[in-house]
Amino acid sequence: MRRYRILATALITFLAAAVHAQPAPSPGRALSPEQIANACAPPPMTVAIAPHPFHVIGAQDTVPRAVFAEHDLLIIDAGTAGGMQLGQQYYLRRPVSAASYPGPQIQRAVITAGWIRLVAANETTAIAAIEHECGAIHAGDYLEPFETPAAPSGTGAEALGDPDFGALSRVVFGDDERTIASPGDVMMIDHGSEQGVLPGARLAIYRDVRTTLKDYWAVSTAPLPLASIGEAVVVSASATMAVVRVVRARDAVRAGDYAVPRKP
């Protein structure tokens with residue numbers, strides 16, 4: 001056991017020296033506040049509880065810890081042999097619940113904890129500086145390549161096209177799998193680029209009030225038209241899902257509401 005502690009200490013010392021020996025990489029173009037907010041949003045997908053190739057396994061410190069913050073230098077469980085190179089940027093992400101479940105894989109929402117830049121590496125291990133912290137960073141968070149986020153804009157006050165009710169999608173859930181959202185919050189919908197939902201697109205949010213009344217108060221009502229709830233703009237999209245930011249709402253946007261694309 002003592003031998004392993006000595007080897008671990010030597011490894012950390014080696015990498016710490018490498019950090020100080022390497023020039024700091026250029027941070028590149030600074031992100032706007034809107035881009036930072038969009039980068040901190042969950043990715044437009046759910047994930048299965050399954051292994052990912054690269055993870056945070058600790059930080060340079062005198063005691064082991066499982067939660068980290070912006071001042072920490074993180075240790076990654078892969079090095080140059082795994083394709084790690086100085087200056088590379090990665091998102092840090094994890095499922096909302098990382099517990100193990102029996103039976104089929106469970107699809108869960110994903111948390112974006114922040115993003116990092118690699119500042120040192122040997123063959124098997126790398127060290128990363130935290131470039132931005134969206135929330136608590138945990139041991140076990142997995143790495144995904146960083147892409148500069150788009151900054152779709154819109155306040156909800158500009159002129160908008162008519163809603164296309166032939167392309168309805170549904171609100172699934174928000175950050176941390178929250179089921180309600182207000183202006184400024186993000187939510188996920190069950191349509192993506194395959195259905196023509198692309199970053200920057202505008203969506204009208206509607207609710208089936210009849211269904212809501214039946215679900216919440218167990219009363220029957222006469223047929224009612226869909227109620228307009230607010231407006232949203234698409235932040236990012238995968239093939240089958242998209243993340244939208246609520247820009248205007250007269251009531252809380254809820255899971256199950258309809259997202260209706262606006263015609264150009």
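Residues numbered from 1 in each chain as written. Predicted model: local features only at pLDDT ≥ 70, side-chain atom pairs only at ≥ 80, totals over all residues. Heavy atoms only, no water.

**Looking at the overall build of the chain**
No. 1: In terms of regular secondary structure, the chain is built from 3 helices and 18 strands.
No. 2: When the accessible area of the chain is evaluated, it comes to approximately 13800 Å², of which 57% is carbon and sulfur surface. (Helix = DSSP H or I, 4+ residues; strand = E, 2+ residues; numbered from the N terminus. Areas by Shrake-Rupley, 256 points an atom, 1.4 Å probe, with all protein chains shown as cover.)

**Quick look at the sheet that holds strand β4 (residues 73-76)**
No. 1: Overall, antiparallel pairing links the 6 strands, which are arranged β2-β4-β8-β7-β5-β10 in an open sheet. With partners counted over all chains shown, the strands left at the sheet margins are β2 (56-59) and β10 (142-145), one partner each. The sheet shows a mean angle of 45° between the axes of neighbouring strands, taken without regard to direction.
No. 2: Note: β4 against strand β8 (residues 126-133), 4 bridges, orientation antiparallel. Opposite Ile 76, over in β8, you have Ala 126 as the bridge partner.
No. 3: Packing of helix α2 (residues 33-40) onto the sheet brings it into contact with β5 (89-95), β7 (110-121) and β8, and relative to β7 it is tilted by some 105°. (Pairing = 2+ DSSP bridges. Axes fitted to C-alpha atoms, helices over the stretch in contact; angles between N-to-C directions. Contact = heavy atoms within 4.5 Å.)

**Quick notes on the state of the cysteines**
In protein chemistry, a disulfide is the covalent bond that joins the sulfur atoms of two cysteines.
No. 1: For the coordinates displayed, the defined rule picks out 1 disulfide.
No. 2: Each sulfur in the disulfide pair Cys 40 and Cys 134 lies 2.0 Å from the other. Classification of the bridge connecting Cys 40 and Cys 134 rests on its S-S torsion, roughly -80°, and on that basis the disulfide is left-handed. Here Cys 40, found in helix α2, pairs with Cys 134, found in the loop between β8 and β9 (137-138); they are 94 residues apart in sequence, far enough to count as distant. (Disulfide = S-S within 2.5 Å.)

**A closer look at the nonpolar core**
No. 1: Leu 74, Ile 76, Met 84, Leu 92, Ile 116 and Leu 143 are the most contacted members of the largest nonpolar core, which has 18 residues in total.
No. 2: Among the secondary structure elements, those contributing two or more residues to this core are β2, β4, β5, β7 and β8.
No. 3: Every residue in contact with Leu 92, bar those within four places of it in the chain, is listed here: Val 56, Leu 74, Ile 111, Thr 112, Ala 113, Gly 114, Trp 115, Ile 116, Ile 137, Asp 141, Tyr 142 and Leu 143. (Core = buried A, V, L, I, M, F, W, Y, C linked by side-chain atoms within 4.5 Å. Buried < 20%, exposed > 50% of the residue type's maximum accessible area, 1.4 Å probe, protein only.)

**Observations regarding the pattern of salt bridges**
No. 1: Per the counting criterion, the structure on display carries 10 salt bridges.
No. 2: Through salt bridges with shared partners, one network takes in Asp 61, Arg 65 and Asp 72. (Salt bridge = Lys/Arg side-chain N within 4 Å of Asp/Glu carboxyl O.)

**A word on the environment of Asp 164**
No. 1: Turning to its location among the elements, Asp 164 is positioned in the loop between β10 and β11 (169-174).
No. 2: With 40 residues separating them in the primary sequence, Asp 164 and Ala 204 have C-alpha atoms 9.2 Å apart.
No. 3: Beyond its immediate stretch of four places on either side in the chain, Asp 164 contacts Val 260, Pro 261 and Lys 263.

**Here's the deal with the pairing of strand β18 (residues 258-261)**
No. 1: Pairing of β11 with β18 involves 2 bridges; the strand directions are antiparallel. Its bridge partner lying in β18, Arg 170 is registered against Tyr 258.
No. 2: Sheet analysis places strand β14 (residues 202-207) next to β18, joined by 4 bridges and oriented antiparallel. Its bridge partner being in β18, Leu 203 is matched across the sheet by Pro 261.

**Some points on the environment of Gly 230**
No. 1: The topology assignment puts Gly 230 in strand β15 (residues 227-237).
No. 2: On the accessibility criterion, Gly 230 (1% relative accessible area) is buried.
No. 3: For Gly 230 and Ala 259, which are 29 residues apart along the polypeptide, the C-alpha to C-alpha distance reads 9.6 Å.
No. 4: With residues up to four places along the chain from it excluded, the contact list for Gly 230 reads Leu 203, Ala 204, Ile 205, Arg 248 and Ala 249.

**Notes on the side chain of Arg 117**
No. 1: Looking at the secondary structure, you find Arg 117 in strand β7.
No. 2: There is a polar contact of 2.8 Å between the side chain of Arg 117 and the side chain of Glu 131. (Polar contact = N/O pair within 3.5 Å; in protein donor to acceptor, adjacent residues only side chain to side chain.)

**Quick word on unusual backbone geometry**
No. 1: Even without a glycine there, the phi angle at Asp 176 is positive, about 60°.
No. 2: With respect to the helices, strands and loops of the structure, Asp 176 is situated in the loop between β11 and β12 (180-181).
No. 3: Assessed through its relative accessible area of 38%, Asp 176 is described here as partly exposed.
No. 4: Despite not being glycine, Glu 177 shows a phi value in the positive range, around 65°.

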